[in-house]
Amino acid sequence: MTWHADILTLFPAMFPGPLGESLAGKALGAGIWSLKATDIREFGQGAHRAVDDTPFGGGAGMVMRADVLDAAIGSVADGQRPLVVLTPRGVPLTQKRVQKLAAGPGVILLCGRFEGIDQRVIEARNAEEISIGDYVLSGGEIAALALLDAAIRLLPGVMGTAASADEESFSTSLLEYPHYTRPATWQDRAVPETLTSGNHKAIADWRRQAAADITKIRRPDLYAQYIASGAIAP
Ligand code: ADE
C-alpha cells in the first residue's frame, strides 16, 4: 500500500519541491509514497477567503482560524493517519517518532504561518504538535519537508537495508565516526593509519573511539545516554 502524505498549506507549490528529486523523487515516481498538497485558502471565509484574524487578547500578528483549518482537515482526514502540526512550540522530532510514522499508513501535515493557530482546532482534532529544532522558520512548510524526507527514506524499497540498523538506536547512540576515501594522502593530510592497516578489530575500535570523542564534544546529552546504557566506561 502506498504511504500517503496530505499537506495543508497556504503554499501548495512548495510541494513536492525537493522531495521530487533523488531517492524520495524516485520513490514518488515508483508509487511507494504519494503526496497531495491542499491549499488552505480554498476553505477561507468570505469574499476574500480569509484564513486568519487578529488574536483575542491583543498582540502582534495574525492567528489562523479554527473553522477554516477544521474544514481543511476534514477534507483529507481518514481516521487512520495522524495529524501533525509543524510548529516551533511542538515536541522535538526524533528518529523514533519518524520510524513510527514511516511504519504507519502515512500522515496529515498542517503547516502554520502567521503567529500561530487557534488552539481549539488543535485540541478538537487531537493534533500532535512537532518541532524540527530550536529555531524559528517562517512557516511549517520546510519543517514538513524535513519530516517527510526522514520518513520516506525508511519506507520499504526506498533505500535498501543499509540504513535501517543504524536508525534503530539513534537516540541512545553515538554520532558517526569520520569517513575517508582515496587518495590516501591529500594536501599533506594522511588518512588515519589504523584505517589502512587491514586490521578489522583495530578499525572497529578506532571508529568506536572516534564516534565517542566527537559525541562527547558535540552532543553531551547523547554521550550521557551512551554512558548510562553501559556500553563503555567513560
Ligand atoms: N515552524 C516554524 N519553525 C518551526 C520549527 N522549528 N519546527 C517546526 N515547525 C516550525
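One structure accompanies this document, and this report is about it.

Before going further, it helps to spend a moment on the overall build of the chain. When helices and strands are counted, the chain shows eight helices and 10 strands. For the chain, whose C-alpha radius of gyration is 22 Å, the value lies well above the compact-globule estimate of 17 Å for 234 residues. Judged by the C-alpha coordinates and their principal axes, the chain covers about 75 × 45 × 35 Å. Within the chain, the proportion of its 234 residues that are buried is 35%. Here the contacts in the chain between residues at least 6 apart in sequence split such that 75% fall between residues at least 24 apart. On the chain, roughly 13,700 Å² of surface is accessible, and the fraction owed to carbon and sulfur atoms is 54%. On the chain, the mean spot of the 22 positive side-chain charges and the mean spot of the 26 negative ones are 4 Å from each other.

Here we take up a nonpolar patch on the surface. On the surface, Tyr135, Leu137 and Ile142 cluster together into a nonpolar patch covering about 280 Å² of accessible area. Here Leu137 shows up in the loop between strand 8 (128–131) and helix 5 (141–152).

How each quantity is defined
- The numbering scheme is per chain: residues are counted from 1 as the chain's sequence reads.
- Whole-chain, interface and lining totals are the exception, using all residues; otherwise, since this is a predicted model, local features are given only for residues with pLDDT of at least 70 and side-chain atom pairs are given and counted only at 80 or more.
- Calculated side-chain values reflect all of the structure's heavy atoms, with hydrogen atoms and water omitted.
- Strands here are runs of E lasting at least two residues and helices are runs of H or I lasting at least four, both read from the DSSP assignment and numbered beginning at the N terminus.
- Taken over C-alpha atoms, the radius of gyration is set against a globule rule of 2.2 Å times the number of residues to the power 0.38.
- Each residue is assigned to one of three classes by its accessible area relative to the maximum for its type, calculated with a 1.4 Å probe on protein chains only: buried under 20%, partly exposed between the two thresholds, exposed over 50%.
- Note on definitions: a residue-residue contact is assigned when non-hydrogen atoms from the two residues lie within 4.5 Å.
- Using the Shrake-Rupley algorithm and a 1.4 Å probe, accessible areas are obtained, with residue cover drawn only from the displayed protein chains.
- For the purpose of charge, His is not counted, nor are the chain termini; Lys and Arg are scored as positive and Asp and Glu as negative.
- A charge is said to be at NZ when it belongs to Lys, at CZ for Arg, at CG for Asp and at CD for Glu.
- For patch detection, residues must exceed 30% relative accessible area and be free of salt bridges, and they are connected within 9 Å for like charges or within 5 Å for nonpolar side chains (Val, Leu, Ile, Met, Phe, Trp, Tyr).
- Any carboxyl oxygen of Asp or Glu that lies within 4 Å of a side-chain nitrogen of Lys or Arg is treated as forming a salt bridge with it.

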